[in-house]
Amino acid sequence: MRISRHKPEDCACIRPSEITAEATYLNRRDVLKAAVATGLITSASGSIQAANSQSLVTVKNPSFSVSDKPNAYDEITNYNNFYEFGTSKEDPAQHSGAFKPKPWSVKIGGECEVKGSFTLEDILKPHSLEERIYRFRCVEAWSMVIPWVGFPLKDLLGRFKPTSKAKYVAFKTIMRPSEMPGQRFHTLDWPYVEGLRMDEATHPLSLMAVGLYGKTLPNQNGAPLRLVVPWKYGFKNIKSIVEINFVEKQPPSSWNIANPDEYGFYSNVNPTVDHPRWSQARERRIGASAGLFNARQETLMFNGYEAQVASLYKDMDLRRNF
Ligand SMILES: Nc1nc2c(c(=O)[nH]1)N[C@H]1C(S)=C(S)[C@@H](COP(=O)(O)O)O[C@H]1N2
Ligand SMILES: [Mo]
């Protein structure tokens, strides 16, 4: 069995670069852009990479947004888990510059009537984009608040007319070791895969995200298309999706394959069920004034989305189905 690299977050130290506000970031971006244009520096850093994002037309959806203060753009794009680009939080911003999220297509198959390969443009065409501010909780006991841009996953899945045999949806990340240096090492079984039960996938909170902070997704956050399921630990939120299959049986998921004792299929945020190596009762909000007291807040059942999603699991033993 492979040893999981996920580690609990018990360090209160935040680097100054992690607490830059969005406004400051935008300023610095302009400065950096100008520097690149004049040939003063080369565009290799994560911030430049994020600056390549394009603006999106979005409508805010307050009824699907939390009132917590969103994390700064710099925090969301410089503290990532994306093992295809390396195993540390800084790797994805630093090593995803060569990744090309365009052109892109997604293969749809399995238990559905409409199958085939669809370009990103085909995928996006009928949908209008919403901004939804969601809480995001990693299994490592840190959290953020992220203004995602996307559309309901349910609307996308419905277009492919799943049959009555479709009980689950399976997702796959792109395999491209030439642009994803982490895939040259066996840190996980590539390609990364994840799955949801059909009723989870079609829940109104499940979002197909294409952007954040009103701009297309930076590579490190899963460009051009990634899942956002806010009541589940971060690792269920699969990035850079190239394949969606409707299936009858529970599909495999990468972290469960890597370490089945620590990561179950359901992976619901659940403060009452500890990870075998650490507690899930509290979390560190990235960017919260940590400093002296290692400030932590209580983790809420289903990451605070209990009222909306608890009914999906009402007859299940969540200790067994973790
Ligand atoms: N393909 C792929 N998707 C992935 C991961 C990954 O390593 N590869 N990491 C997961 C984990 S552990 C987390 S916490 C979130 C992080 O998303 P973010 O970097 O946008 O905050 O992405 C998830 N999706
Ligand atoms: Mo995670």
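The following refers to the structure shown. (Residues numbered from 1 in each chain as written. Chains lettered and ligands numbered in written order. Predicted model: local features only at pLDDT ≥ 70, side-chain atom pairs only at ≥ 80, totals over all residues. Heavy atoms only, no water.)

**Concerning the layout of surface pockets**
In this structure, the largest pocket occupies an estimated 400 Å³ of space. Lining the largest pocket are 21 residues, with Q54, P101, K102, T216 and L217 sitting closest to its centre. For the lining of the largest pocket, the secondary structure elements donating two or more residues are α2 (46–51) and α5 (120–124). Per-class residue counts for the lining of the largest pocket are 11 nonpolar, 7 polar and 3 charged. (1 Å grid on protein atoms, 1.4 Å probe; cavity = no way out; pocket = protein on both sides within 12 Å on 5 of 7 lines; lining within 4 Å. Points joined across faces, edges and corners; volume = space filled by probe spheres on them. Helix = DSSP H or I, 4+ residues; strand = E, 2+ residues; numbered from the N terminus. Nonpolar A, V, L, I, M, F, W, Y, C, P; charged D, E, K, R; others polar.)

**Brief notes about the site of ligand 1**
In the vicinity of ligand 1 lie 17 residues, with N80, Y83, E84, N237 and K239 positioned nearest. Compared with its free state, where it exposes 530 Å², ligand 1 has 100% of that area covered by protein. Looking at side-chain class alone, the shell around ligand 1 contains 7 nonpolar, 7 polar and 3 charged residues. (Near = heavy atom within 4 Å. Areas by Shrake-Rupley, 256 points an atom, 1.4 Å probe, with all protein chains shown as cover.)

**Observations regarding the nonpolar core**
One finds W148, F171, M208 and I244 to be the most contacted residues of the largest nonpolar core, which totals 79 residues. Per-element tally for this core: the top contributor is strand β5 (residues 142–152), with 7 residues. Once you skip the residues sitting within four places of it in the chain, M208 turns out to touch V149, G150, F151, L153, L156, F171, L225, R226, L227, I241 and I244. (Core = buried A, V, L, I, M, F, W, Y, C linked by side-chain atoms within 4.5 Å. Buried < 20%, exposed > 50% of the residue type's maximum accessible area, 1.4 Å probe, protein only. Contact = heavy atoms within 4.5 Å.)

**Section: the pattern of salt bridges**
Tallied over the full model, the rule gives 14 salt bridges. Across the salt bridge formed by E131 and K60, the nearest N and O atoms sit 3.2 Å from each other. Of the two residues, E131 sits in strand β4 (residues 130–137) while K60 sits in strand β1 (residues 59–60), which places them 71 residues apart along the sequence. On the accessibility criterion, E131 (11% relative accessible area) is buried. According to the relative accessible area criterion, K60 is exposed, its value standing at 61%. In this structure, the salt-bridge partner of E140 is K89, at a minimum N-O distance of 3.1 Å. With E140 in the loop between β4 and β5 and K89 in the loop between α3 (73–78) and α4 (91–95), the pair connects residues that are 51 residues apart, well separated along the chain. (Salt bridge = Lys/Arg side-chain N within 4 Å of Asp/Glu carboxyl O.)

**Things to note about the side chain of R285**
Within the secondary structure, R285 sits in strand β12 (residues 282–285). Here R285 is in contact with D68, N71, R135, S143, M144, V145 and Q297, once residues within four sequence places are set aside.

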